[in-house]
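# Architecture at a glance
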Amino acid sequence: MTTLNITYDGMSADMPVELDGHVSDADVRRIAVEVVRSGGVPGIHLAHLRDDAFQNYVVDRFRGPHGADRIYLRPKVPFGA
Amino acid sequence: MRIIFCGVGAIGSTAAVLCRNLEATLAFIDFDRVESKNLLAQAYVKPSVGKNKAEALKLQLLNLHGVKAESFGVRLTRDNVATLCGGADLLVDCFDNRESRQVLSEYARQAGKALVHGALSGDGTFGLVRWDERFVPDAEDQAGQATCEGGLHLPLIGLLGAALARIIQDFVKHGVRRDVMVNLNSVTPTMGT
């Protein structure tokens, strides 16, 4: 099980996702659009979210302390951090 | 303990003021000057307009809070980074440009210095605090991308500055290095009046 954290318009929430193997950054962005549209992300339900809403977002991948995978989809912070 | 804030604009000045409780010397590096518009989102006061930001913040912390502080009103470059940052126990990167962040990161890695980065998204709705061992610069959408200006983003800047100050405090007192993301829903109200 992987936890996908999505940040959009100042809101952020976790949701569990079943992923079969590695998914590309583009796939993460596509999945995020679908789950936000469907209301699957607590507090972030936008039925008419644009297809390219996460186009310029960054995908961060971390392994949690107990081995669980965490993926963060977040806005860029200018010039990095 | 000597903590050097590199860049004391919105993030750096806010976080530095919230570090005034630490038993540490706070040092500030920034070549820029305080402008009237900065008063909306940065921890400066009207009499500081026109002064160098590093110098102005040093004077505020010394005179208003009695904190030991130092200032270096210069631009950080590859030529002076070792001289300016060599005495730091902790470096805090609050720059607003990628090049300066890279200079600082490369120096910290080469010199074995602790370095934590604080950064804010351009739309003012999201912030990151990340230690240098996990620092990877984000690609710019366009060169010279604007950072937050004006008071609209002040609440998020305050959240990010507070989170950064807490992380600095945890490092100073316990040696831990936490990363955080800061959003507008990261503070949960429990009671209203």
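Keep in mind it's a predicted model, so treat the numbers as computed, not measured.

Looking now at the overall build of chain A. Counting its secondary structure elements, chain A contains one helix and four strands. For chain A, the sequential pattern of α-helices and β-strands runs β-β-α-β-β. In terms of overall dimensions, chain A is globule-like: its C-alpha atoms have a radius of gyration of 12 Å, near the 12 Å expected for 81 residues. Dimensions of chain A, computed from the C-alpha atoms along their principal axes, are close to 35 × 30 × 20 Å.

This brings us to the overall build of chain B. From N to C terminus, chain B includes five helices and seven strands. Each helix (α) and strand (β) of chain B, taken in turn from the N terminus, gives the series β-α-β-α-β-α-β-α-β-β-α-β. For 193 residues, the compact-globule estimate of 2.2 N^0.38 gives 16 Å, and chain B sits close to it at 16 Å. Its C-alpha atoms give chain B principal-axis dimensions of about 50 × 40 × 40 Å. Across chain B, contacts joining residues at least 24 apart in sequence account for 62% of those joining residues at least 6 apart. As presented, chain B carries roughly 9000 Å² of accessible surface, and 52% of it is formed by carbon and sulfur atoms. Distance from the positive charge centre (21 side chains) to the negative charge centre (21 side chains) of chain B: 5 Å.

Moving on to the pairing of strand β2 (residues 11-17) of chain A. All names here are of chain A. As defined by bridge partners, strand β1 (residues 2-8) adjoins β2 across seven bridges and the pair is classed as antiparallel. Its bridge partner lying in β2, Thr7 is registered against Ser12. Between the antiparallel neighbours β1 and β2 lie two residues, among them Asp9 with a positive phi of about 55°.

So, on to the side chain of Lys58(B). Residue and element names in this part refer to chain B. Relative to the elements of secondary structure, Lys58 occurs in helix α2 (residues 53-65). Its relative accessible area of 17% is what places Lys58 among the buried residues. Apart from residues lying up to four places away in sequence, Lys58 is in contact with Phe28, Ala69, Glu70 and Ser71.

Attention now moves to the packing of aromatic side chains. All names here are of chain B. In the structure shown here, the tally under the stated rule is six aromatic pairs over all chains. Ring centres of Trp131 and Phe171 lie 5.1 Å apart, and the angle between their planes is 40°; on these two criteria the pair is classed as tilted. On the criterion of sequence distance, the pair formed by Trp131 in strand β6 (residues 126-131) and Phe171 in helix α5 (residues 154-174) is long-range, its members being 40 residues apart. For the pair Trp131 and Phe171, a shared accessibility class is recorded, and that class is buried. Over the ring of Phe31 we find Arg75; its NZ or CZ atom is 3.9 Å from the centre of that ring.

On to the confidence of the model for chain B, then. Residue and element names in this part refer to chain B. Chain-level pLDDT for chain B is 89 on average; 90% of the residues reach the 70-or-more range. When the criterion is pLDDT under 50, residues 187-193 qualifies, and its contacts beyond four places in sequence or with other chains add up to one contact. Across the assembled chains, the prediction reports ipTM 0.79 with pTM 0.89.

What follows concerns the interface of chain A and chain B. Listed by partner, the interface residues are 19 residues for chain A and 29 residues for chain B. Summing both sides of the interface, chain A and chain B together bury roughly 2000 Å²; the carbon and sulfur share of this comes to 62%. Where chain A touches chain B, the interface holds two salt bridges. Across the pair Asp138(B) and Arg74(A) runs a salt bridge, and its minimum N-O distance is 3.0 Å. At the surface where chain A touches chain B, the tally comes to four residue pairs in polar contact (both at pLDDT 80 or more). Elements with a contribution of two residues or more to the side of chain A that touches chain B: β1, β2, β3 (58-63) and β4 (69-74) of chain A. Residue contributions to the side of chain A that touches chain B peak at three residues, all from β3(A). Across the side of chain A that touches chain B, the residue classes tally to nine nonpolar, six polar and four charged.

Attention shifts here to the side chain of Gln60(B). All names here are of chain B. Position of Gln60 relative to the elements: it lies in helix α2. In terms of polar contacts, Gln60 uses its side chain to reach the backbone carbonyl oxygen of Ala43, at 2.9 Å. Among residues more than four places away in sequence, those in contact with Gln60 are Ala43, Tyr44, Val45, Ser48 and His65.

Rules and cut-offs
Residues numbered from 1 in each chain as written. Chains lettered and ligands numbered in written order. Predicted model: local features only at pLDDT ≥ 70, side-chain atom pairs only at ≥ 80, totals over all residues. Heavy atoms only, no water. Helix = DSSP H or I, 4+ residues; strand = E, 2+ residues; numbered from the N terminus. Rg over C-alpha atoms; globule rule 2.2 N^0.38 Å. Contact = heavy atoms within 4.5 Å. Areas by Shrake-Rupley, 256 points an atom, 1.4 Å probe, with all protein chains shown as cover. Lys, Arg positive; Asp, Glu negative; His and termini not counted. Charge placed at Lys NZ, Arg CZ, Asp CG, Glu CD. Pairing = 2+ DSSP bridges. Buried < 20%, exposed > 50% of the residue type's maximum accessible area, 1.4 Å probe, protein only. Phe/Tyr/Trp six-rings, centres within 6.5 Å; stacked < 30°, edge-to-face > 60°. Lys NZ or Arg CZ within 6 Å of the ring centre and 35° of its normal. pLDDT = per-residue confidence, 0-100. Buried area = accessible area lost by both parts, 1.4 Å probe. Salt bridge = Lys/Arg side-chain N within 4 Å of Asp/Glu carboxyl O. Polar contact = N/O pair within 3.5 Å; in protein donor to acceptor, adjacent residues only side chain to side chain. Nonpolar A, V, L, I, M, F, W, Y, C, P; charged D, E, K, R; others polar.

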